[in-house]
Structures are given as C-alpha cells and as structure tokens.
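This is what each chain is made of:
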Amino acid sequence: IGAGFCCKCTALEQITILAPIKMINSYSFQNCTSLKQIEIPSTVTEIKYNAFSYCTSLEKVTIPALVTAIGDSCFHDCSNLIEVIFSSSSSSMKTLGNSLFMNCILLEKVELPDSVSSIPINTFRRCEHLKSFVIPSSVKKIDSYAFYECSSLESAIIPSSVVDIGNNAFYG
C-alpha cells in the first residue's frame, strides 16, 4: 500500500484488504479518525512509521505472524485502542519503532512476542489504562520513557534477560 493511501479519510470506518500486499507504507491510514477496524493481511511483513497514527476510533489491532518490523509512531495517538494482539506464531517480529503506542490512553492489553529484543523509547508512554505488563524473556533493553506516565501500571514483570533499563523507563 502506498504512502498516504487513505490518509485523512475521516469517514472511513472499516477496511478489509484482500490483496496479498507485503507492506503498509508510512501515513497509509493516518488520521482516519472514524476507522474502528482493519484486517491486516497475513502476507504483510512490514508496517512503516505513522501508518495508523491518529486513528482515534481504532479499538483493536491484530499483527500478523509474518510482520518483522513496525515503524516509529505507527499507532501513536490511537486514543481508543484497547487491545493489540500479536499472532501467536509471530516469532518473526524483531523491531518495534519508537513511540509505537504513545498516547494510546485506553490501551489495556498487549503481549509482545518472544522475538523482540528491546522496548524502545516512548513505546507505551501515556498508556494510562495499562495495568500490568509481562516483558518477554527475549528483551534485553527497556529504553528511556518506555512506560513513562503509565499511571495505572500496577505490575511489570521484568525477566533476568533485561540488562539495560533507560532513564525514567517507568516514571509516573
């Protein structure tokens, strides 16, 4: 899907992509403020930066198993996003972008796959409804501000594999 494919299509509520695409490009659905649901094809291997940022009605996203990288700010400011599901066989996932779920204030549930090696800067910043989080044993680094201002966070299980925790990673 090309960059800016449906950017600012404010009336778009649902989209199902049947084409066997490999990548969702930058800004493809940015500011689709009525988009509540999207089915990402199982053929997708990469989701570029800001692809779904400011989709303020989006509630749930399932990341297919073949996705290896999700770009910076991909779901930034998806203020109604409650749940993100990574396919149970998503061992291909290697790279999470910075500020990935920043300002997803209603986000309650995310289970990262065991193939992710770091939680980048601002990944869950201001995810105010996130109450608990289990960090996969594959993670070696939790970057600065990763869980900054997650005011409802009551429990975070940090495995012994984590050797580096950045400044203010769990502040506020």
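**Quick word on the sheet that holds strand β9 (residues 109-110)**
Item 1. Here three strands make up an open sheet; going across it, the order is β5-β7-β9 and the pairing parallel. In the strand order of this sheet, the two ends are held by β5 (60-63) and β9, each with one partner.
Item 2. As judged from the four bridges shared by β5 and strand β7 (residues 83-86), these two strands associate in the parallel manner. Across the sheet, the residue bridging to K60 is E83, located in β7.

**Examining the environment of I38**
Item 1. Checked against the element boundaries, I38 lands in strand β3 (residues 37-39).
Item 2. For I38, a relative accessible area of 6% corresponds to the buried category.
Item 3. Residues I38 and R125, 87 residues apart in the sequence, show an inter-C-alpha distance of 23 Å.
Item 4. Contacts of I38, omitting those with residues within four sequence positions, involve I15, I17, F29, F52 and L58.

**Some remarks on the nonpolar core**
Item 1. Counting 48 residues, the largest nonpolar core has F29, I47, F52, F75 and F124 as its most contacted members.
Item 2. Of all the secondary-structure elements, those providing two or more residues to this core are β5 and β7.

**A closer look at the state of the cysteines**
Item 1. Under the defined criterion, the tally for this structure stands at zero disulfides.
Item 2. Unpaired in terms of disulfides, C55 finds its nearest cysteine sulfur in C32, a separation of 5.1 Å.
Item 3. C104 takes part in no disulfide bond, and the closest cysteine sulfur, belonging to C78, lies 5.1 Å away.

**Regarding the pattern of salt bridges**
Item 1. Per the stated rule, a full pass over the model turns up two salt bridges.
Item 2. Two residues, E46 and K48, come together in a salt bridge whose shortest N-O distance is 3.4 Å.
Item 3. Across the pair R126 and E149 runs a salt bridge, and its minimum N-O distance is 2.7 Å. Linking R126 in the loop between β10 (118-119) and β11 (132-134) with E149 in the loop between β12 (141-142) and β13 (155-157), this pair joins segments that are 23 residues apart in sequence.
Item 4. You can call E149 partly exposed: its relative accessible area is 29%.

**Remarks on the sheet that holds β12**
Item 1. Pairing in this open sheet of three strands is parallel, and the strands run β10-β12-β14 from one edge to the other. One side of each edge strand has no neighbouring strand; the edge strands of this open sheet are β10 and β14 (164-165).
Item 2. Note: β12 against β14, two bridges, orientation parallel. Following the sheet pairing, I142 is matched in β14 by I165.

So, how was this worked out
Residues numbered from 1 in each chain as written. Predicted model: local features only at pLDDT ≥ 70, side-chain atom pairs only at ≥ 80, totals over all residues. Heavy atoms only, no water. Pairing = 2+ DSSP bridges. Helix = DSSP H or I, 4+ residues; strand = E, 2+ residues; numbered from the N terminus. Buried < 20%, exposed > 50% of the residue type's maximum accessible area, 1.4 Å probe, protein only. Contact = heavy atoms within 4.5 Å. Core = buried A, V, L, I, M, F, W, Y, C linked by side-chain atoms within 4.5 Å. Disulfide = S-S within 2.5 Å. Salt bridge = Lys/Arg side-chain N within 4 Å of Asp/Glu carboxyl O.

The values reported here are purely geometric and, on their own, carry no functional implication.
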